[in-house]
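A structural walkthrough
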Amino acid sequence: MASSSPPAAAKPQAPRSRTTIFSLGEDLLLEIFLRLPSLPSLVRAALACRAFAAAVRSSPAFCRHFVALRPPPLLGLFFDYDGTEMPSFRPVRRSSDPDLAAAARGADVFLSRSTDQIAVYNPLSRALDLFPTPPDEFSSGCRGKCVYMDPFLLCSDEAPGSFRVVSVCHGKSRLCAAVFSSGTREWQILRWSKPAPGQPSGKKYWLRHGRQVDGKLYWSHTKQAYKVVLDTTTLQFSFIDLPEHLMGKGHLYMVGGARDGKPCIVSAADFTLSVWFRGADADGVEKWTLDSVIPLEEEVLQATKGSLDDHGDLKVLSILDGIVYLSTFETFVDDSVPCWYLFYCLETRKLERIFHKKNDGHAHPYVMAWPTFLVGNNGSP
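As annotated in an unreviewed UniProt entry, the protein carries the name F-box protein AT5G49610-like beta-propeller domain-containing protein and is attributed to Urochloa decumbens.

Here it is as structure tokens:
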């Protein structure tokens, strides 16, 4: 009987190289990041390692694309009380996005870091930036010519991560501003030497609280059809017209910015939004143009499950990046009744409710900013 030969020994195989996410090039990595649901999710991914953070920082195109697809999210609303109490905060609760909920939970919304100085505080990063009080020349009333001081306004500076703080003092037809730069750590006093147009010399209070839009600060006149503008880049005052329909109706409208940064005005009356945009006409003249009139009665009642008698009307709270923040106005009926807070997207024309809460004073949407550690050397995004 022929003997069977033993089976040949299997040749050893070379070990397979493991493919991990770290093996991907930056282009594929950014394609994956682009599919993350929100900015908090991107931040969590970028914090996983330096390579991930470097990939995001190195691509301004990715940053712009991500912001276009996933605008910085609303974390909640701060409410100012009339008096000395600390502002309260009501977070937006979205179970569908755990990273967004974690960002709101991790923020120091109780503002536990206190100081007797003027300060800029970031509740998310908990960074506290102290700065000196304005010079006596400003705080004493611009040499006696101004009698009303607008609260401090925060705006971004040209350098990444830097900021400016602006306060305007006005009265008796005069204007002056104190501007603090975090880069130079100094205050600069600006004056408008000419009388304001159409302003009675004896008027003490004639500007409403200011708003920031794309590097400019806007104040509406309480009676006349114009706005005061301070360009925070050139540090120059100017005046622009206001739609005649809105003259003396500052409680009905708000100035803000569209998604492209273009200034816009939104007013609310009888559950209808009127939207104006500012731009150049055929002759190159800058002017406000009524863009759309949007009835929201049906959408509001559907979102709140209420009635017109319950709500009274709508009030515009703020306009940020093309989102109009609104509240129903139960104070017309009973100031002890909670009202609904909502937002309306000017681009998608979609209304959504935020929460139901008693009106505890002025409301300020708190939107998550693009983190400074993800800002590239060129200032992107």
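Now that the structure has been shown, we can carry on.
Another point: the sheet that holds strand E17 (residues 286-295). Taken together, the four strands give an open sheet; going across it, the order is E14-E15-E16-E17, and neighbouring strands pair in antiparallel fashion. The open sheet is flanked by strand E14 (253-257) and E17, the only strands paired with a single partner. Going from strand to strand, the sheet's axes swing by 25° on average, the running direction of each strand aside. Looking at chain direction, strand E15 (residues 263-269) and strand E16 (residues 272-280) are connected through six bridges and run antiparallel. When the bridges of E16 are listed, Ile 265 appears paired with Trp 276.

Applying the stated criterion to the full structure yields 13 aromatic pairs. Aromatic side chains Phe 66 and Trp 370 sit 6.3 Å apart centroid to centroid with 70° between the ring planes, which places their arrangement in the edge-to-face category. Taken as a pair, Phe 66 in helix H4 (residues 60-69) and Trp 370 in the segment after strand E22 (362-367) lie far apart in primary sequence, 304 residues in all. For the pair shown, Phe 66 and Trp 370 are each scored as buried. Taken together, the aromatic side chains of Phe 62, Phe 66 and Trp 370 make up a single cluster linked through ring pairs. Directly above the aromatic system of Phe 277 lies the positively charged group of Lys 262, at a separation of 5.7 Å from the ring centroid.

Thresholds, definitions, all that
- Throughout this document, residue positions are counted from 1 along each chain, in the order its sequence is written.
- Given that this is a predicted model, residues contribute local features only at a pLDDT of at least 70 and side-chain atom pairs are listed and counted only at 80 or more, while totals for whole chains, interfaces and linings are drawn from all residues.
- Only hydrogens and water are removed before side-chain values are computed, so all heavy atoms of the structure are retained for them.
- Each pair of strands is called paired provided DSSP finds at least two bridges between the two strands.
- Helix and strand assignments follow DSSP, with helices taken as H or I runs no shorter than four residues and strands as E runs no shorter than two, numbered in order from the N terminus.
- To get an axis, a line is fitted to the C-alpha atoms, and for a helix only the part in contact is used. The angle between two axes follows their N-to-C directions and goes from 0 to 180 degrees.
- In summary, the pairing rule links any two rings of Phe, Tyr or Trp, Trp by its six-membered ring, whose centres are within 6.5 Å, and it sorts them by plane angle into stacked for under 30 degrees, edge-to-face for over 60 and tilted for everything else.
- Buried residues are those whose accessible area, probed at 1.4 Å on protein chains only, stays under 20% of the maximum for their type, while exposed residues exceed 50% and partly exposed ones sit between those limits.
- In this scheme, Lys NZ or Arg CZ marks a charge over a ring once it lies within 6 Å of the ring centre and within 35 degrees of the ring normal.

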